[in-house]
Every structure is written in C-alpha cells, then in structure tokens.
Amino acid sequence: MPVCFVPFAVCVISRYPYFNALKDCLSCLLVQLRPFKDLDVEEHIKEFAAKLFLIPSPPPGPLHLVFNMKPLQIIIPSREDPDSPIIDLDLHLPLLCFKPEQVLQIMTCILTEQRIVFFSSDWALLTLIAECFMLYLHPLQWQHTFVPLLSRQMLDFVMAPTSFLMGCHIDHFEEVSTETEDLILINIDNGDITHSKMAEEELEIPDVPAQAAETFIKRVESLQLHYDLELCHLRASTDLGELQMRRRAWQQKLNTEVQQMTLQLIVNIFREVKDHLNYEHRVFNSEEFLKTRATGDQPFYKKVLETYMFHSFLKARLNRKMDAFARLELSTQSEEDRLNLMFHTPRRLTMEKMASKRFNPQYMISRRMVISMPNLQDIKLPEGPARNSSLRRIETSVAVKMPSKSVSTFKIPEIHFPLMFQCVHSYYTDFFNHLSKAINTLPPDNSALLARYFYLRGLISLMQGKLLNALSDFQNLDKTDLRIFPTDLVRKIVETMPPSERLQADRKPELKKLISRVMEKQREVMKIDDHVKNFELPKTHMQLDDFVKRIQESGIVKDIDTIHRLFDALTVGHQKQIDPETFRDFYNYWKETEAEAQEVNLPPTVIEHLDKNECVYKLSCSVKTNYGVGKIALTQKRLFLLTEGGRPGYVQIAAFRDIEDVKSTTVAFLLLRIPTLRIKTLSKKEVFEANLKTECDLWYLIVKEMWAGKKMADDHKDPQYIQQALTNVLLMDAVVGALQSSKTIYAASKLSYFDRMKNEVPMMVPKTTSETLKHKINPSAGETFPQAIDVLLYTPGHLDPSERPGNAHPKLWCALNEGKVVVFDASSWSIQQHCFKMGRSKLTCMIMVEQSHVWIGSQDSIIYIINTHSMSCNKQLNDHRSDVTDIIVEKKNGIPSEAYSSSLDGTVIAWNISTLKVNRVFQLPCQNLTSIKLHNDQLWCCTGSCILVASTHEFQLQMKIEHHLKDVCSYFLCFQLFPERDEVWASYSGSSDLYIWNTKDFSSTPQKIHLQDCSEITCMIRVKNQMWVGSSGRSQGKSKGKIYVISAEKKTVEKELVGHADTVKALCSAEDRYVLSGSGKEEGKIAIWKAE
C-alpha cells in the first residue's frame, strides 16, 4: 500500500519582528521533532508554543534576554531606546544584493512614495530585504500598505491605486509588469530596477541630493560586508555556541554601522528643513526651502515634500521631538549653525563659503545670475551634466561614528514540562528570584541595567497577581530610567485593582503618589496640536496682530517690537492696516534680495581683506566716489568699495566702530545738485564722498543705523545689537523697494531703532560697568519675545573618552519660563542645546551633583535629573510634596557624598547620590522654606520669618535668627554664608539694606549696608572675598537691574554695575573668575562679568 505524505507547517506569529530569534527557535524545533512519532509531534509543538508564550519581550535599553532552546541559546534583543525599532535581522543584506547607487534609487522610490514591488526566487529574501529598507528610513516611517509576501491568489493587490510596497515570487514578474502600470519593479536576484511596461510615460526616479549620496556611497564602500573575511585570522571554532556568539557579535557591529550610515543619509537630506520652520505658528515655508536647494536636487525635494511621510516628519520637527534624527543633527552641528541659533540674521554667504564655492566645480553655474558684478572672471561650464550640490558642503572624508554601547544579557530560567500550574508558578518564582539577585548584586551607579531588572520584575509580579509588588518595581523606574515607565500598563493595573489592594496602595505614600500621577496624566491629556501649515501670502487686509503673525510665519523676523516698527513703516500715510498687495510686494522684494545676495561672488583679491565670517548684505549701484568708481558694499563689520576697472579691487571705506560722522548733502554738477553721502572716520583725515543720487537717503539711514548699532554692541558687549541693526537696515531696504512712493524714506526711518535711541537716550555706559562687563548673550534668541532667566548654572568642562571633544567644554545652563532649559557652550558662548523642557512649571534651582548629572528643582515638586552626556532627563525624584526651592551637595574629600533638597512646605530630604534613596527627612517647624546652605555638618535654612540652623546627621535644631524688622509684611528673601568670617548675610523683601549677623552671637544687632538706587535685593553670591548682590530698581518709570560688588572685609560697595534693563533674577560663578547674571522678562539676557 503506497504511503501518502501530507505537508505539515509550523507558523510562529509575533507582535515583534524577532526574525533571527524565531528562525533559531524553529530550527531547534525541527531538530527536536525528528525522534518523535506523529502523535507526539502535535503535543511537542504545543509545548514549544507555550514556552515562547512565557518568554517576555525585553524593555528598550542595554539588556537582551537569553533562553535555552536546545541545542541553541536564543537571544531576544531589545530596541536601543523607546523610539527605536527592534532590529533582529541582517541589515547589510540589501548591500549584498544591490550596488550603493541602486540602494539610493530604491530609497528615493520609498521616500517619494511610489508603488513598489520586490521580486525574488527566494521567498525569505522578500521579507528581509523589504524590512531592511523600512529600517533604513528610521526615524521616518512608511505610511502606506506594506505586504512583503504576495501569494499567486493575491496578485491583484498590485492593482491598488495608492502607494504601496509589496513583494512576490520572480515567477510572476512578467504578469505583474505587463498588466499593471506605473509600478517600480525591483529584482532582488539580479539587482535590476525597472518600470512596468504599460506606463505611457516612463517614470522618472529623481536622484538623491548629490552631497548626501556621495557621503553614503563612500561609507558603504568602507564597510566590511563579508563575514568570511572577518574569520580569516581567527582559529576555527569547535563549539556551536561560541560560533553563534562570534557571528552575532560581528552582525551586531555591522548592523550598528549600517544604522549610523542610513541615519546620516536621512539627516544629510533633511538637515536644513529646520531653517524654514516657524515653531510658534507651525508653518513650513516649502517654497523658500525649494529655492535654496541646488537645481539638480530640486526634482527630488519637489516629490518628497508632497508625501505623507514627510508631513509626519514635519510634525515631529515642529513638536521638537528628540528622536534619532534630532540627536544626530544636534551632535553634528557646525559652530556656524549654533551661532545662527543665537543671532537669526538673514541668510547670506560668508567669505569662507564664498571662497570654497569658487573652487568647487559643482558651484560654477549660479542658480540665478541677478547681480552684475564688475569685471568678474568668465564662468565656464563644467564637463558633463550640470548638477548643483546642496548649499551645505557635507564632510565626506569623516564618517560620523557614535561610540558603541555595551549590552548585557540576562539568562531566563528553565521552563519545566508538563506545563501545569505548579510548573508555571515555579518558573515565575525562579524568574523573580533571579531578577532580585541581579538587582541586589548590581552596583547602584549602573542605573540603566537596574531599570531593566525592575521593569522585568514588575512584569513577573504582575503575572503572579502581585499588583502592589509590580507597582513598587515600576515606581523604581523614576529613579533609574523614566523613559521605559509603562504608563498605560500601570493605569490598567490601577483601574482593575481590587478595592482591598487599592486601599493598601493608598496607605503607602510613594504608591499613592504614583497612582495619583498616572491617573492625573490621563485627565490632563491634551490633544497635541500636530497640524502643519504651508506658508501662503495673505489674501485679506491685515490689522497689527494678524500682520505680526504673518511676518513671523514668513520667517523674515520674529521679534514683536521689530514687527511693530515694520507695521508703522508700511502704513505711513495710510490707515493702520496692510493690504495683501503691499505685503506681497514687501515679501517678494525681501526674498529676491536674499536670493540675489546668495549669488554675490567676490574675487579672491577682495575676499582676502575680509574676515571669514563676514557676509555682504547690500551692494549699491555703480557710483562715483573720491576713492574711484565702484559699488559700495555693506557687511556686518564695515563698508568697502568694490572698485571697477581692469580688475575689481577692494578699498576700505570705514569700519562701523571707526565712524565719526555721517552726512547726507548735495554737490553741484553743472546746473544740478547731486545727492552725496559723506562719511568721516577716526582713522583717516580724508572724508569719503559718494555721489549716490537716488540711493543717497537710504544709504544715509543704513550707515547711521549700523554705526549706532555697532556703538551700542561695543558699549554693552552685546553682539546681538549689530545683528538687530542688520535686520533693521535690510527691512528698510525692503520697505523702500516695496513702497516706491514719495514717503518711502520717511517710512524706512521708522525702522531706525538704534539711531533713534542714540539721539533720544544717552548711550554712555558707566566706566566701571564697561571695564567689568565682558560679554552678553541672549538665551531667548529666536523667540518672539524675551523670557525671564530664573536660574543659572555653570558646569566645568571634563574629558570623557566616550564623548565627542565638544562635549568636554564647560557649559552654562539657563532655566527660562515653563520648564525650558537652554545650554550654552561656555568656551564659545554658542548655544549647545536649544530649549529642552522639564515639565511645564517654573524651575527654581540647578546644581551639578556629579560630573555626569545635573539636578533641577521645579515648582511642580519634582527634581529632574539630567544626564550631561545624552543631555536628556531619564530620572526624577518625586518625594517632595511642594515646590522644590533649593538643592545643595555635601562633599567629603572632594567627592559628592550626599545631596539635600528643600521644598516650600519646610521639608528637607537627604539623598544618597548613587542610589537616589532617601537617607533622612526633616520637617521644619515653619513653612516658606526658600533656600538652604551647608557648612560644618550644619544645615542653614532660610524661611520667611527666620533662618534656622540644624545638624545634618540628626536634623536637630541648634540656632535661629529671628526676623528683626518692625515691618511685619517683610520676610527673609535670600541669604549667604561667609564661614571664614563667621558671618551670615541676608536681605528682606522690599528692602534695599543688607544685614550681616555674627554667627557666634545672633542676639547682637546685625550690621547694615545700605544700597543706593535699589528697591529690593533679589539674589546674592559669594565670589572670593566679595559678595555680589543682584537687585531690582526703577529709573524713569522703567525697571532696571543693578549688581553691587561688596567687600566682605570693608563692608563697603566697591562697584555698582549697571548691566541689565530689568531685575537681576539669577547669579552664578564660573570658577571664581567670572560672574554671570540673568535678568527678568523685559530684557531676558545674561551678562558675563570679570571677577577680580
């Protein structure tokens, strides 16, 4: 009797793409099934499925799970972070099947959302190749149909009219290609990329932007893609497990390199999108973005900008999402990019870029030949097709390589069969005990691994029905790694918890707060505003508020005061509203001028006279001057004459700081009076004269504004003033160009802000202030209005081998309103990280507790812990019940040993810095605790009514300074210790007096120092043998901030520094060499002072 064989298949379905792990599991299953008879096979498969069901998926981070599936050890990899995909396949497979240029072509097809079909004779390759390309896109995501395997019966799916990515067997290639049009057909077996034959016009696949493509191809060519070459110098392995681990380690390293390479490609393609975003109004100016792309790159961007994928990408950028794209973009920013964050000047080519552009053949054809420069060298066409590269030159010689992160493994205990209740219970008990042992033996500073163990133990407790244990473990994630906290899971636990267990949870303060926080988050969930608008010119008349919004959306200028002056200029002689035609003319003139300036191409003989960061912002027409005939050029530093003749030359007219006088006059020529501009400088006896004719009045306004802006910038040590003056003169130019009426010069004069200030308000800065002030910076740069500086922190630089050298620089941390933090590189005062948020409440204090961690206290009662390497918050302390007001660190032998934090309700908590556990808690007998200091194992606590002194070990009260003023409404505002002099310095609210007590005799009357022109002392800091005191006051009805430098020995004011136009709200010291002060919201700037 013939034997009939029936095919038998086992299919494993998982929510997670563990391709290699599940392939290994099935391979083990095949080995295990061989000795079994038919009836036993089904039972064994059930046990196999049950075993996989009991294996948890690891949380994101540096921990992989390992379990035994004889004869192999199976590894379940974790994703790198919560936003990253799981990668458990060989990412280099497409690089073995396609040339780098073809990979880029396929990436283009995906990015432009084509209808794509992969073909192969190997069914397995279809899924793996398609999945690899999905991972190459990260953090962009394919938004359409994705079916990597189509059977013969499903081929009609390729008739779908929308975008899709599908795959089918090579046998169906002819059928699909002839019966369906407009498809991209990709043959994995031979590497061909074709179009379906029924398309009337052949589809054009645009090229990836040239510079991004060049970098990608070079990096692909540098990869070692063949494992056999890696094995050549190694001994042969006789152990299957060792062989498996060796291969896995090689694959993991290669996967990391491929990930970094493809991420760099995505960043290089879309890096400059951020320059055309308006975050306040969620607008993307696609038209201007396209204009700034090289001609050869524009077909690519035109298609990509219309896709759903790009739209989602824009939403993430506008939400300031800190994903893989944002992190790489930030870490590879140039110094110029960081300075642009601070100054936001109109886009122009620097001399450095102009010089490199001249010698780059890809730049030899200008996009728009607008400005006629005198006697420039002939432009020769390059050989081959004309293809402009993108405006940013991407460094191709240096690959961006991130340090590899170490990964640990955790062995899951054996699962015993048959799977009855006792066996499963025993498995979970063993799992829980293994995790507990790992937690107890792990050093507390390894918080990343601790967090993963707590997470897994919480899951196991949940499976055992121990809900309170699960909540306790999940609560520990606050202090180990907040990013993996399972909010939705915890909420479900709370909602389904039996009343008896909920009552037990509410009796534990830490669990009660956890439950309250999670449930409140659900109530507070606000709909995220994720719309994206494309910038459009207005179609109706605009009042002031609408005009402000439209100008901000356009990206021309953000500052509200400047826009108000522009509104006044454009409405001179009219009703106070602007019609769409005027707005369009102004906008077009501004953009045309910007585009023309990009094409200015100065000869090398001129460039060598200018600084590398100078830009030409305006050129006059060709005019006659007493220095010769030529064009007057304006940069941010000077005026010079671009002379005409045999060869264009450079003649210095004046640096703005050297100008002594500017006049607009006329000179006689026959019967005419020709308008002439005269500029007198300090360094030359000869007065520069230019017959500017109709341009004279405008250039007169421009030169005076730049002169006044430069003087103010020098006097106040604030380079932003010259950038503001530049913006003002370019707005003047656009107003004159757009209005074309008899009142244009008067209208433009409305924008002469600094020149008017020079005439109306004395600009003299006191000599002491000028000598002590070194620099000013603006953390609110790019915002629509200034923001108050609530806290400042300086952290010294240190070199960590795992970091980029730039991260070793000292940093200045600045807390703004609503939980915003801006970080500056203190070696260059450029912005290192722009605005990351710690909650939504006001931040009250910051301190560097360890070299790698900054603690930030907030009015929302939370202490946020920032990792200074990743510049992200992944831990927080929730033990306070009121506003956190101060944090200090106790050091023993120079090493941080304990941290103390205080809250407004009078609570002081002592923390173990390494474990983040509470060592001691102390409740003061009074509230309104605003600050604490530490000296000789004594804690000094400033409350509204008194200053209390307690021992740090037992928190027992030892001394007390009573409020001694007769005014019962006043209260202690701030204080400082001078332990070497046995003194405590303090101030009261509403008082301009500083009081000094002797710490050995609190009963004696305190010494008083009166501060002139002071309404209230707001902050103070000790620097060497001086006390620097910040204050608030008023002058001519306006707020002002003054800093008093007081000698601790003489008790006299040595300096009065007038550096702020609003209250001094924060002070900090930079290694006792500099003092930094931050002001209120009227000014919102940081001043850097030299400490002597």
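All values derive from a computational prediction rather than experimental measurement. Residue indices begin from 1 for each chain and proceed along its sequence in written order. Only residues with pLDDT of 70 or above have their local features reported here, since the model is predicted, and side-chain atom pairs are shown and tallied only from 80 upward, although totals for entire chains, interfaces and linings are computed over all residues. Hydrogens and waters are ignored; side-chain quantities use all the structure's heavy atoms.

*Asks:* If you had to explain the overall build of the chain to someone new, which residues and values would you point to?
*Replies:* Per the secondary structure count, the chain includes 30 helices and 46 strands. Within the chain, residue pairs in contact and separated by at least 24 positions form 57% of the contacts whose partners lie at least 6 positions apart. Areas reported here follow the Shrake-Rupley algorithm with a probe of radius 1.4 Å; residue values treat only the protein chains shown as occluding. For the chain, the exposed surface amounts to about 51000 Å²; the carbon and sulfur share of it is 52%. Runs of H or I in DSSP of at least four residues are treated as helices and runs of E of at least two as strands, each being numbered from the N terminus. Contacts are residue-level and defined by heavy atoms, with any inter-residue pair within 4.5 Å sufficient.

*Asks:* Summarise the side chain of T681; cite the residues concerned and give the values.
*Replies:* Of note, T681 is situated in strand β17 (residues 672-681). Here a polar contact is taken to be a pair of N or O atoms separated by no more than 3.5 Å, where protein atoms must pair a possible hydrogen donor with a possible acceptor and residues adjacent in sequence count only if both atoms sit in side chains. At 3.4 Å, the side chain of T681 forms a polar contact with the backbone nitrogen of K684. Sequence-distant contacts of T681, defined by excluding residues within four places in its chain, comprise I653, A654, D658, I659 and E660.

*Asks:* Let's hear about the sheet that holds strand β18 (residues 688-691): which residues, and what values?
*Replies:* Pairing between two strands requires that DSSP report at least two bridges joining them. With antiparallel pairing, the 7 strands of this open sheet are ordered in space as β15-β14-β13-β12-β18-β17-β16. A single partner strand is all that each edge strand has here, and the edge strands are β15 (649-655) and β16 (659-669). For this sheet, the mean angle separating the axes of adjacent strands, direction not counted, is 35°. Relative to strand β14 (residues 638-643), strand β13 (residues 628-634) runs antiparallel, the two sharing 5 bridges. Bridged to K631 within β14 is L642. For helices, the fitted line uses only the C-alpha atoms of the stretch in contact; every axis is such a line through C-alpha atoms, and the angle between N-to-C directions lies from 0 to 180 degrees. Sheet contacts for helix α26 (residues 696-716): β12 (618-625), β13, β14, β16 and β17; angle to β16, the most-contacted strand, approximately 170°.

*Asks:* Describe in detail the pairing of strand β30 (residues 907-912), supporting the description with residues and values.
*Replies:* Looking along a regular strand, one sees side chains alternate from face to face of the sheet. Of all 6 residues in β30, 5 are buried, a share of seventy percent or more. Sheet topology note: the strand β29 (residues 895-903)/β30 ladder contains 5 bridges and is antiparallel. From the neighbouring strand, Y900 faces β30, where its bridge partner is A910. Between β29 and β30, which pair antiparallel and follow one another directly, the connecting turn spans 3 residues, one of which, G906, has a positive phi of 90°. In the sheet, β30 pairs with strand β31 (residues 918-923) via 5 bridges, with the strands oriented antiparallel. The residue bridging T907 from the neighbouring strand is Q923, located in β31. Burial classification: accessible surface area is computed with a 1.4 Å probe over protein chains only, and a residue below 20% of its type maximum counts as buried, one above 50% as exposed, and the rest as partly exposed.

*Asks:* Got a sec to walk through the packing of α26 against helix α29 (residues 753-760)? Specific residues and values, please.
*Replies:* As a packed pair, α26 and α29 sit with axes 7 Å apart at the nearest point and diverge in direction by 65°. The angle between α26 and α29 falls in the class roughly perpendicular. Crossing of α26 over α29 shows left-handed handedness. Counted together, K704, E705, W707, A708, G709 and M712 of α26 and Y753, F754, D755, M757 and K758 of α29 form the full contact between these two elements. Here the residues of the contact of α26 with α29 are counted per class, giving 6 nonpolar, 1 polar and 4 charged. Note on terminology: angles under 35 degrees are roughly parallel, angles over 145 are roughly antiparallel, angles of 65 to 115 are roughly perpendicular, and the others are oblique. A crossing counts as left-handed when the near helix is turned anticlockwise from the far one by less than a right angle, and as right-handed when that turn is clockwise. Charged residues are taken to be Asp, Glu, Lys and Arg, nonpolar residues to be Ala, Val, Leu, Ile, Met, Phe, Trp, Tyr, Cys and Pro, and polar residues to be all remaining types, Gly included.

*Asks:* Requested: an account of the pairing of strand β43 (residues 1053-1060), with residues and values cited.
*Replies:* As paired elements, strand β42 (residues 1038-1047) and β43 share 6 bridges and run antiparallel to each other. Across the sheet, residue G1041 finds its bridge partner in β43, namely H1060. Between β42 and β43, which pair antiparallel one after the other, the connecting turn spans 5 residues, and K1051 there sits at a positive phi close to 60°.

*Asks:* Describe in detail helix α4 (residues 100-111), supporting the description with residues and values.
*Replies:* Taking 1.5 Å per residue, 12 residues should reach 16 Å; α4 reaches 16 Å between its end C-alpha atoms and fits that length. Taking burial as the measure, the 12 residues of α4 include 10 buried ones, the bulk of the element. Looking one or two residues past α4, E113 carries a phi angle of roughly 55°, positive in sign. Multiplying one less than the number of residues by 1.5 Å gives the expected span of a helix.

*Asks:* Could you give me a rundown of the nonpolar core, with the residues and numbers involved?
*Replies:* Take the buried Ala, Val, Leu, Ile, Met, Phe, Trp, Tyr and Cys residues and link them wherever side-chain atoms come within 4.5 Å; each set so joined is a nonpolar core. Ranked by size, the top nonpolar core spans 70 residues in total, and within it I110, F118, F133 and F270 carry the most contacts. The element contributing the most residues to this core is helix α9 (residues 240-270), with 10 residues. F118 has contacts with I106, L126, I129, F133, L165, M166, G167, C168, I186 and I188, leaving out every residue within four places of it along the chain. One finds F535, A713, L731 and M732 within the second-largest nonpolar core, a separate group that totals 64 residues.

*Asks:* Can you break down the packing of helix α16 (residues 421-441) against helix α17 (residues 447-463) residue by residue, with the values?
*Replies:* Where α16 contacts α17, the two axes come as close as 9 Å, and the packing angle between them is 155°. The angle between the axes of α16 and α17 places the two elements in the roughly antiparallel class. Read as a crossing pair, α16 and α17 show a hand that is left-handed. From α16, Y428, F431, F432, L435, S436, A438 and I439 reach across to α17, where they touch L450, Y453, F454, L456, R457, I460, S461 and M463. Classifying every residue of the contact of α16 with α17 gives 12 nonpolar, 2 polar and 1 charged.

*Asks:* Summarise the pattern of salt bridges; cite the residues concerned and give the values.
*Replies:* Salt bridge, as used here: a side-chain nitrogen of Lys or Arg that lies within 4 Å of a carboxyl oxygen of Asp or Glu. Counting across every chain of the model gives 47 salt bridges. With a closest N to O distance of 3.0 Å, D481 and R483 form a salt bridge.

*Asks:* For the state of the cysteines, give the residues involved together with the corresponding values.
*Replies:* Disulfide assignment relies on a single distance test, namely cysteine sulfur atoms paired within 2.5 Å. Under the criterion given, the structure shown has 0 disulfides. Left without a disulfide partner, C974 is nearest to the cysteine sulfur of C1019, which lies 6.8 Å away. Since its relative accessible area comes to 10%, C974 is described here as buried.

*Asks:* Summarise the packing of aromatic side chains; cite the residues concerned and give the values.
*Replies:* Only rings of Phe, Tyr and Trp enter the pairing, Trp through its six-membered ring, and a pair is recorded when the two centres are within 6.5 Å. The plane angle decides the type: under 30 degrees is stacked, over 60 is edge-to-face, the rest tilted. For the structure on display, the rule yields 31 aromatic pairs. Ring centres 5.3 Å apart and planes at 85° place the aromatic pair F300 and Y301 in the edge-to-face group. For F300, a relative accessible area of 0% translates into the label buried. The interplanar angle of 45° and the centroid separation of 5.9 Å between the aromatic rings of F978 and W985 together place this pair among those described as tilted. A relative accessible area of 1% places F978 in the buried class.

*Asks:* How would you explain the environment of G628 if you had to name every residue and give the values?
*Replies:* For G628, the position within the fold is in strand β13. With residues up to four places along the chain from it excluded, the contact list for G628 reads V623 and L641.

*Asks:* Let's hear about the environment of K875: which residues, and what values?
*Replies:* Of note, K875 is situated in strand β27 (residues 872-877). Note: C-alpha distance between K875 and L477 (398 residues apart in sequence) is 7.6 Å. Excluding its chain neighbours within four sequence positions, the residues that come into contact with K875 are S447, D478, K479, T480, D481, L482, H853, I863, Y864, I865 and L916. There is a polar contact of 2.7 Å between the side chain of K875 and the side chain of S447.

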